[in-house]
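Working through the structure, step by step
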Amino acid sequence: MARGNKNGPPPTPEAPFGPDKPVFIVGEAGSNWRAGERGGDKERAYALIDAAAEAGCDAVKFQVFRAATVYAPGAGQSDYLSEAGISDDITEILASLEMPYEMLADLAGRARERGLQFMATAFSPADAAAVNEFVNVHKIASYEINHLRLLEYLITTRKPLIISTGGGTMADVERALDLVVAGACVPVAILQCTAAYPAPPEAVNLLAIKNLAEMFGVSVGLSDHSQDPVAAPAAAVALGAKVVEKHFTLDRTLPGPDHAYAVEPDELAAMVRTIRLVERMLGTGEKEVQPAEEELARYGVRGIQATRDVAAGEILKESENVDILRPGKNRLGMNPFEIGRVEGRRARRDIPAGDGIREEDFD
């Protein structure tokens, strides 16, 4: 962990992600603390935090923005929201989902009580300043990867960054990383993301995870907007993801732009269980006999075995007194690829039926 002094920059918090750490799982509550008209917002946010904790997530994340600093005047309607039956102007929709800064302390406290890291995606420098004291990791949303002023502010916090890349290119990622490395050199994770809500399976592009890791040499992951709760997250972990983020809601039928494509609490829990199971399955990458298979391997891997009692001095011959067989409880013989070295040799000892033929058993 980087360390500052009282006259220098603040110390960099330890990143919760990295090559030697478990997958960092983020339950993305987003703006789903709001469901239609105002009322019960904080209680719903608390319930989302509780659901993320009960599902086994490592962090819960909300979104913090002010509509006036997101879209330009006259941005109009979003086609994808219009198709979902939400026909308001995008700025009006965002204005209805603005989280009061005053809620942050309470939500962060609830997350701590439930053993979760609290996160909040900021969409402007002002939002980031409001969020900063409550988080150890900052998240940069898709479409904010080129928000120069936001990036510049986040660099000054010297906190680890998680960057989503929906709607972006490798060039966008490279430009953002160059800025971060030059400005702070803090730990960074890059998330493959498809900014479609929901993302169709053929658009998820999981192989980009490997390309991002190879090209940039940083931690990688997935911000998943597909509707299946486990398929993409599990595959992402198998491809090397060290961060997985998934939108969730208390109930997909609630009104609002992000509830319908989000997973529900039981699905979020299934995702976490599956990720942890896949982590256990990954292994070291070395192809070797595993402890779990040692007994059966000793029993069933073929060797050169005597098929009947062989007397000392007898000539060893395949299909006559030796063959390539599984030994069972008998001593394992030489590797079958060595059968040519055994053929025609003379036994040095009496070899009982079933026993393995080894180097010391023949002249």
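What comes next concerns the included structure. (Residues numbered from 1 in each chain as written. Predicted model: local features only at pLDDT ≥ 70, side-chain atom pairs only at ≥ 80, totals over all residues. Heavy atoms only, no water.)

**A closer look at the nonpolar core**
Put simply, the rule reads: As used in this record, nonpolar core signifies buried Ala, Val, Leu, Ile, Met, Phe, Trp, Tyr and Cys residues forming a set joined through side-chain atoms within 4.5 Å. Working definition: with a 1.4 Å probe on protein chains only, accessible area under 20% of the residue-type maximum means buried, over 50% means exposed, and in between means partly exposed. Secondary structure elements are taken from DSSP: a helix is a run of H or I of four residues or more, a strand is a run of E of two residues or more, and numbering for both begins at the N terminus.
Of all hydrophobic cores here, the largest spans 69 residues; its most connected members are Val60, Phe62, Leu104, Leu107, Phe118 and Phe248. It is helix H1 (residues 41-55) that provides the largest number of residues to this core, a total of eight residues. Within the second largest apolar cluster, twelve residues are counted, among which are Val310, Leu316, Ala347 and Phe362.

**As for the sheet that holds strand S8 (residues 243-247)**
Under the convention used in this document: Note on pairing: DSSP must find at least two bridges between two strands before they are called paired. Orientation is described by axes fitted as lines to C-alpha atoms, over the contacting stretch for helices, and by angles from 0 to 180 degrees between their N-to-C directions. Residue contacts follow a heavy-atom distance rule, with two residues in contact if any of their heavy atoms lie within 4.5 Å.
Ordered by their spatial adjacency, eight strands build an open sheet running S3-S2-S1-S8-S7-S6-S5-S4, and the pairing between neighbours is parallel. What marks the edges here is a single partner per strand, and that holds for strand S3 (117-122) and strand S4 (138-140). Sheet twist, expressed as the average angle between the axes of neighbouring strands with direction ignored, equals 25°. Across four bridges, strand S7 (residues 219-224) lies against S8 in parallel orientation. By the bridge assignment, serine 223 is partnered in S8 with glutamate 245. Along the sheet, helix H4 (residues 103-113) contacts strand S2 (59-64) and S3; its crossing angle with S3, the most-contacted strand, is approximately 145°. Packing against the sheet, helix H8 (residues 208-216) makes contact with strand S6 (188-193) and S7, and its axis sits at approximately 150° to S7.

**Quick notes on unusual backbone geometry**
That bond from tyrosine 197 to proline 198 is cis: its omega, 5°, falls within 30 degrees of zero. Relative to the helices and strands, proline 198 is located in the loop between S6 and H8. Positive phi, normally seen in glycine, also occurs at tyrosine 143, with a value near 75°. Following the sequence through the fold, tyrosine 143 ends up in the loop between S4 and helix H6 (148-157). The exposure class assigned to tyrosine 143 is partly exposed, which follows from its relative accessible area of 49%. Notably, serine 319 is not glycine yet its phi reads approximately 70°, a positive angle.

**Remarks on the environment of glycine 356**
Inspection of the secondary structure assignment puts glycine 356 in the segment after helix H12 (339-342). For glycine 356, a relative accessible area of 0% corresponds to the buried category.

**A look at the packing of helix H7 (residues 170-183) against H8**
Inclusion rule: Reported orientations rely on four angle classes, namely roughly parallel under 35 degrees, roughly antiparallel over 145, roughly perpendicular from 65 to 115, and oblique for the rest. Handedness of each helix crossing follows the sense of rotation of the near helix against the far helix: counterclockwise by less than a right angle gives left-handed, clockwise gives right-handed. Amino acid classes used here: Ala, Val, Leu, Ile, Met, Phe, Trp, Tyr, Cys and Pro are nonpolar; Asp, Glu, Lys and Arg are charged; the rest, including Gly, are polar.
In contact at an axis separation of 12 Å, H7 and H8 are set at 40° when each is read in the N-to-C sense. As summarised for this structure, H7 and H8 are arranged oblique, according to the angle between their axes. Between H7 and H8 lies a crossing of right-handed hand. Every residue of H8 that contacts H7 at Met170, Val173, Glu174 and Leu177 is listed here: Asn211, Leu212, Met215 and Phe216. Taken together, the residues of the contact of H7 with H8 sort by class into six nonpolar, one polar and one charged.

**Re the environment of leucine 222**
Topologically, leucine 222 is positioned in strand S7. The sequence separation of leucine 222 and proline 233 amounts to eleven residues, and the corresponding C-alpha distance is 7.1 Å. Setting aside its immediate chain neighbours within four residues, leucine 222 contacts Leu191, Gln192, Leu206, Ile209, Ala232, Pro233, Ala236, Ala241, Val243, Val244 and Glu245.

**Details of H1**
We count it as follows: By this rule the span expected of a helix is its residue count minus one, scaled by 1.5 Å.
Taking 1.5 Å of rise per residue, the 15 residues of H1 would be expected to cover 21 Å, and the 21 Å separating its terminal C-alpha atoms lies within 8% of that figure. For H1, the buried fraction is high: eleven of the 15 residues fall into the buried class. Turning to H1, its buried residues number three or more, namely Asp41, Arg44, Ala45, Tyr46, Leu48, Ile49, Asp50, Ala51, Ala52, Ala53 and Ala55.

**Digging into the pattern of salt bridges**
Operational definition: Salt bridges are defined as contacts in which a side-chain nitrogen from Lys or Arg sits within 4 Å of a carboxyl oxygen from Asp or Glu.
Within this structure, the stated rule accounts for 25 salt bridges. One salt bridge connects arginine 34 with aspartate 41, and the closest N-O pair in it is separated by 2.7 Å. Classification of aspartate 41 as buried rests on a relative accessible area of 11%. The partner of aspartate 50 in a salt bridge is arginine 110, with the nearest N and O atoms 2.8 Å apart. One end of the pair, aspartate 50, is in helix H1; the other, arginine 110, is in helix H4, and 60 residues separate them in sequence. Take arginine 110: its relative accessible area is 23%, and that puts it in the partly exposed class. Sharing partners across several salt bridges, the network here consists of Arg331, Arg349, Asp355, Glu360 and Asp361.

**What to know about the side chain of glutamate 267**
Looking at where glutamate 267 falls in the secondary structure, it is placed in helix H10 (residues 265-282). Residue glutamate 267 is classed as buried on the basis of its relative accessible area, which comes to 18%. In this structure glutamate 267 touches Pro229 and Arg252, once residues within four positions along its chain are discounted.

**Remarks on the side chain of lysine 139**
Note the threshold: Two N or O atoms form a polar contact when they lie within 3.5 Å of each other; inside protein one atom must be a possible hydrogen donor and the other a possible acceptor, and for residues adjacent in sequence the pair counts only when both atoms belong to side chains.
Relative to the helices and strands, lysine 139 resides in strand S4. We classify lysine 139 as buried; its relative accessible area is 4%. In this structure the side chain of lysine 139 is engaged in a polar contact, spanning 3.0 Å, whose partner is the side chain of serine 164. In contact with lysine 139, not counting residues within four places along its chain, are Lys61, Met119, Thr121, Ala122, Ile162, Ser164, Leu191, Ser223 and Glu245.

**With respect to H4**
Inspection of H4 places Met103, Leu104, Leu107, Ala108, Gly109 and Ala111 among the buried residues, and these make up the whole buried set. In this structure, the buried side of H4 is in contact with H1, S2, S3 and helix H5 (125-132).

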